[in-house]
Number of protein chains: 2
Amino acid sequence: MQAKRFRTVQGEIEASFTKIFKKRVPILGSGRTDSGVHALGQVAHFRISSPMPLEKLHKALNGTLPADIVITKIEEVDKDFHAQYSVKEKTYRYTILNREVRSSVNRNICLLFPYDLNVALMRSEAKCLVGKQDFKSFQNSDVNRKDESTVRTVKALTIKKTGDIITIDITANGFLYKMVRNIVGTLLAVGTGKLPKGSVKRILTQKDRTMAPETAKPQGLCLVSVKY
Amino acid sequence: MQAKRFRTVQGEIEASFTKIFKKRVPILGSGRTDSGVHALGQVAHFRISSPMPLEKLHKALNGTLPADIVITKIEEVDKDFHAQYSVKEKTYRYTILNREVRSSVNRNICLLFPYDLNVALMRSEAKCLVGKQDFKSFQNSDVNRKDESTVRTVKALTIKKTGDIITIDITANGFLYKMVRNIVGTLLAVGTGKLPKGSVKRILTQKDRTMAPETAKPQGLCLVSVKY
């Protein structure tokens, strides 16, 4: 007997395709997100030969998908388009609720962080992360990708504070395994004073994951958009 | 045998008090919200004689309450303070997701409204609602309050559109039963062109509930704040 698999967004969408077309239609996303991570702008492709108009398929998918998953847009693309390999850049947002009292409304989409944060210092420390460089210190080991390059280009990193909500937006041409959550974990350690000024630059140049603080929890992370 | 009661915020908070003090502590809110309506800034009072410091009680309550309910603040007040009778004004927000495709993230906290809306017209029509007047046309019948006055003072009514999200904020010294949802239902009918220009003023002066369009659904409504 096979153990019941965890529910995944991909699995649910493929189940909807099966309901509509009575056959399996595999979908391929721009990349996998860890359990607990959210996505507002995930992109996936699929191949199908069907006379069903796109608008009708769009409604049929949203009509059969569970309430917590929605297809916001559906469009025809060139045959050589690939949701994963054609990616030009992705933007992730990490949301921190910086207060003592937990939130009922946002409980699953932010990290509750009850300690004082020096946001100005976090901003100035983060500057050195922008650009093309080796992010090995911010990558968790991933057995499937051992020989791959750990060089990525961070195009933008913005830290905003609105009331007690802090958002960290990172845009890059690609991300290493748990890279955003490791960067956020380091910036939080800098923000509380646990790590001194200059730590981000030092950790980056050490190219050693064991030098960086712990990975920030998944629930604050959201894949905002993917550009092709 | 008694039927199982519906879960209420008041009931859950009173259950937490019972857990902490091993006795019943009744709490009284600024007013009741209908099933499906949210509250970010509900206020309630209770009376207790206890040596427990407020900060400790605050943590104990949030530690025992379910994840979807949180006490954001707790403070000592004068003996004559009354959460309901001392209210000076309340602000409600109604949130409309004005697009065709449903939302996964906001599915329980907004009304999905897929038709085009003339927001400028809604704004100009809503102007006549501000001020002290008889809102009888926007009150649902409530057997418990038959002889009460239906005059209220709306201090502000603001309609904002940000992307596909429209928010209608109404501040008043008090609200009649389903008043906000009835006003929103009317403004939506004006926004789609179902009701002509001048309708809000006409309905208001008719002082007859049967003249106004249907009540907007509860899930878009949120009690934002209560002032004393």
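Calculation notes
Residues numbered from 1 in each chain as written. Chains lettered and ligands numbered in written order. Predicted model: local features only at pLDDT ≥ 70, side-chain atom pairs only at ≥ 80, totals over all residues. Heavy atoms only, no water. Phe/Tyr/Trp six-rings, centres within 6.5 Å; stacked < 30°, edge-to-face > 60°. Helix = DSSP H or I, 4+ residues; strand = E, 2+ residues; numbered from the N terminus. Buried < 20%, exposed > 50% of the residue type's maximum accessible area, 1.4 Å probe, protein only. Salt bridge = Lys/Arg side-chain N within 4 Å of Asp/Glu carboxyl O. Domains from an automatic or database assignment. Contact = heavy atoms within 4.5 Å. Buried area = accessible area lost by both parts, 1.4 Å probe. Polar contact = N/O pair within 3.5 Å; in protein donor to acceptor, adjacent residues only side chain to side chain. Nonpolar A, V, L, I, M, F, W, Y, C, P; charged D, E, K, R; others polar.

S.K.: Any chance you could explain the packing of aromatic side chains here in plain terms?
M.R.: Aromatic ring pairs are defined here through the distance separating the ring centres and the angle between the ring planes. All names here are of chain B. Counted by the stated rule, this structure contains 10 aromatic pairs over all chains. Ring geometry for Tyr92 and Phe175: centres 5.0 Å apart, planes at 85°, overall edge-to-face. Of this pair, Tyr92 sits in strand β4 (residues 89–97) while Phe175 sits in the loop between β8 (165–172) and α4 (179–192), placing them 83 residues apart in sequence. You can call Tyr92 buried: its relative accessible area is 9%.

S.K.: Please explain the pattern of salt bridges as it appears in this structure.
M.R.: Between side chains of opposite charge, a pair can form as their charged atoms come close. All names here are of chain A. By the definition in use, this model includes 22 salt bridges over all chains. Two residues, Glu55 and Lys59, come together in a salt bridge whose shortest N-O distance is 3.9 Å. Here Glu55 and its partner Lys59 are both found in helix α2 (residues 54–64), 4 residues apart, which amounts to about one turn of the helix. Sharing partners across several salt bridges, the network here consists of Arg7, Glu12 and Asp68.

S.K.: Which parts of the structure should I look at to understand the domain arrangement of chain A?
M.R.: The parts lose accessible area when they come together, and the size of an interface is often stated as this lost area. Residues and elements named next belong to chain A. As assigned here, chain A comprises domain 1 (1–86) and domain 2 (89–227). For domain 1 versus domain 2, the separation of C-alpha centres amounts to 28 Å. Each partner contributes to the interface: domain 1 provides 13 residues, whereas domain 2 provides 15 residues. Summing the contributions of domain 1 and of domain 2, the shared interface buries around 1,000 Å²; its carbon and sulfur component is 56%. The largest per-residue losses of area from domain 1 upon contact with domain 2 belong to Asp34, Val37 and His38, which jointly make up 46% of the total buried on that side. At the boundary of domain 1 and domain 2, one finds 1 salt bridge. Joining domain 1 to domain 2, the criterion identifies 9 residue pairs in polar contact (both at pLDDT 80 or more). By residue class, the composition of the side of domain 1 that touches domain 2 is 4 nonpolar, 8 polar and 1 charged.

S.K.: Just checking my understanding: could you explain the interface of chain A and chain B for this structure?
M.R.: Each partner contributes to the interface: chain A provides 19 residues, whereas chain B provides 19 residues. Where chain A abuts chain B, roughly 1,400 Å² becomes buried across the two surfaces, and 57% of that area is made up of carbon and sulfur atoms. The partner of Lys59 of chain B in a salt bridge is Glu100 of chain A, and the shortest N-O contact between them spans 3.8 Å. Where chain A touches chain B, the interface holds 9 residue pairs in polar contact (both at pLDDT 80 or more). Its residues placed into classes, the side of chain A that touches chain B shows 9 nonpolar, 5 polar and 5 charged.

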